[in-house]
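Below, each chain spelled out in residue letters.
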Amino acid sequence: AQSVTQLDSQVPVFEEAPVELRCNYSSSVSVYLFWYVQYPNQGLQLLLKYLSGSTLVKGINGFEAEFNKSQTSFHLRKPSVHISDTAEYFCAVTTNRDDKIIFGKGTRLHILP
Amino acid sequence: EAQVTQNPRYLITVTGKKLTVTCSQNMNHEYMSWYRQDPGLGLRQIYYSMNVEVTDKGDVPEGYKVSRKEKRNFPLILESPSPNQTSLYFCASSPRTLEKLFFGSGTQLSVL
């Protein structure tokens, strides 16, 4: 069965600084990977996804992620964060073996002024 | 407006009193799913459905039931709620598994 690990439960970063949120996965078959964002008191929204092709994926709000098969990682990056990026970020994985979508435990991004 | 609608938004109940949380989507999506979100545990999938009359267990199905009699509706049923089912619940839908999930606004359930 597939699984996903988000190593950091919280990440503080200064406004306009770069950020990387880490995500590692485990699976015996090919995976499809997603990053979702949850703003306070809201449901989740898709930031970006990797299905196939280019390993560098660009998403909304200036975020991007890189699929690294050898390191089984799918880290999320943004070159310059803003206060409005304060949210919880979830990495998710699925495969074409079943239709389960497994989410990580989430990483809270705190933007410091 | 395309959306996933969950009701109620907040619910307080007592142990053992059956309840249903409704979920409806107006996008003709095939895939629907229920998650519970708990602090430090992220989102865990309860049940999912690929189409009408097709439902499958997620990672934490114990104590829950679902049905998919119509494509647009996917209610979550707690036959005998217990305090450990106190949680924030989200319904989500997508055209297919590999498409993005559209989430409802959530239902905060407290079981006393």
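Refer to the structure above for everything that follows.
All of the points below concern the structure found in this document.

Criteria and thresholds
- Residues numbered from 1 in each chain as written.
- Chains lettered and ligands numbered in written order.
- Predicted model: local features only at pLDDT ≥ 70, side-chain atom pairs only at ≥ 80, totals over all residues.
- Heavy atoms only, no water.
- Phe/Tyr/Trp six-rings, centres within 6.5 Å; stacked < 30°, edge-to-face > 60°.
- Helix = DSSP H or I, 4+ residues; strand = E, 2+ residues; numbered from the N terminus.
- Buried < 20%, exposed > 50% of the residue type's maximum accessible area, 1.4 Å probe, protein only.
- Pairing = 2+ DSSP bridges.
- Contact = heavy atoms within 4.5 Å.
- Salt bridge = Lys/Arg side-chain N within 4 Å of Asp/Glu carboxyl O.
- Polar contact = N/O pair within 3.5 Å; in protein donor to acceptor, adjacent residues only side chain to side chain.

Some details on the packing of aromatic side chains
Applying the stated criterion across every chain, the model contains 12 aromatic pairs over all chains. On the basis of an interplanar angle of 40° and a centroid distance of 6.1 Å, the ring pair of Tyr35(B) and Phe103(B) is categorised as tilted. Of this pair, Tyr35(B) sits in strand S4 (residues 31–38) while Phe103(B) sits in strand S10 (residues 102–103); the two residues are 68 residues apart in sequence, bridging distant segments of the chain. For the pair formed by Tyr35(B) and Phe103(B), the shared burial category is buried. Note on Tyr64(B) and Tyr89(B): the rings are 5.9 Å apart at their centroids and 65° apart in plane angle, and the pair reads as edge-to-face. In this pair, Tyr64(B) is assigned in the loop between strand S6 (54–57) and strand S7 (65–66) and Tyr89(B) in strand S9 (residues 87–94), connecting sequence segments 25 residues apart. Accessibility assignment for this pair places Tyr64(B) and Tyr89(B) in one class, buried. One aromatic cluster is present, built from ring pairs that chain together Phe34(A), Tyr36(A), Phe103(A), Tyr35(B), Phe90(B) and Phe103(B).

Section: the pairing of S4(B)
All names here are of chain B. Summarising burial for S4: 8 of the 8 residues are buried, a large majority. Taking every second residue as pointing to the same face, both faces of S4 are buried, with Tyr-31, Ser-33, Tyr-35 and Gln-37 on one and Met-32, Trp-34, Arg-36 and Asp-38 on the other. Of the strand pairs in this sheet, S4 and S9 are connected by 7 bridges, and their pairing is antiparallel. The residue of S9 that forms the bridge with Trp-34 is Cys-91. In this sheet, strand S5 (residues 42–51) lies alongside S4 in antiparallel orientation, the contact comprising 7 bridges.

Regarding the interface of chain A and chain B
Counting residues at the interface gives 22 residues for chain A, matched by 22 residues for chain B. On inspection of chain A and its partner chain B, the count reaches 2 salt bridges. When the shortest N-O distance is used, the salt bridge between Lys100(A) and Asp59(B) registers 3.6 Å. Along the contact surface separating chain A from chain B lie 4 residue pairs in polar contact (both at pLDDT 80 or more). Counting only elements with at least two residues in the side of chain A that touches chain B, the list comes to strand S5 (31–38), strand S6 (44–50), strand S10 (87–95) and strand S11 (102–103) of chain A.

A short note on the side chain of Thr95(A)
Residues and elements named next belong to chain A. Looking at where Thr-95 falls in the secondary structure, it is placed in strand S10. Judged by its relative accessible area of 3%, Thr-95 falls in the buried class. Sequence-distant contacts of Thr-95, that is, excluding residues within four places in its chain, are made with Gln-2, Ser-27, Val-29, Ser-30, Val-31 and Tyr-32.

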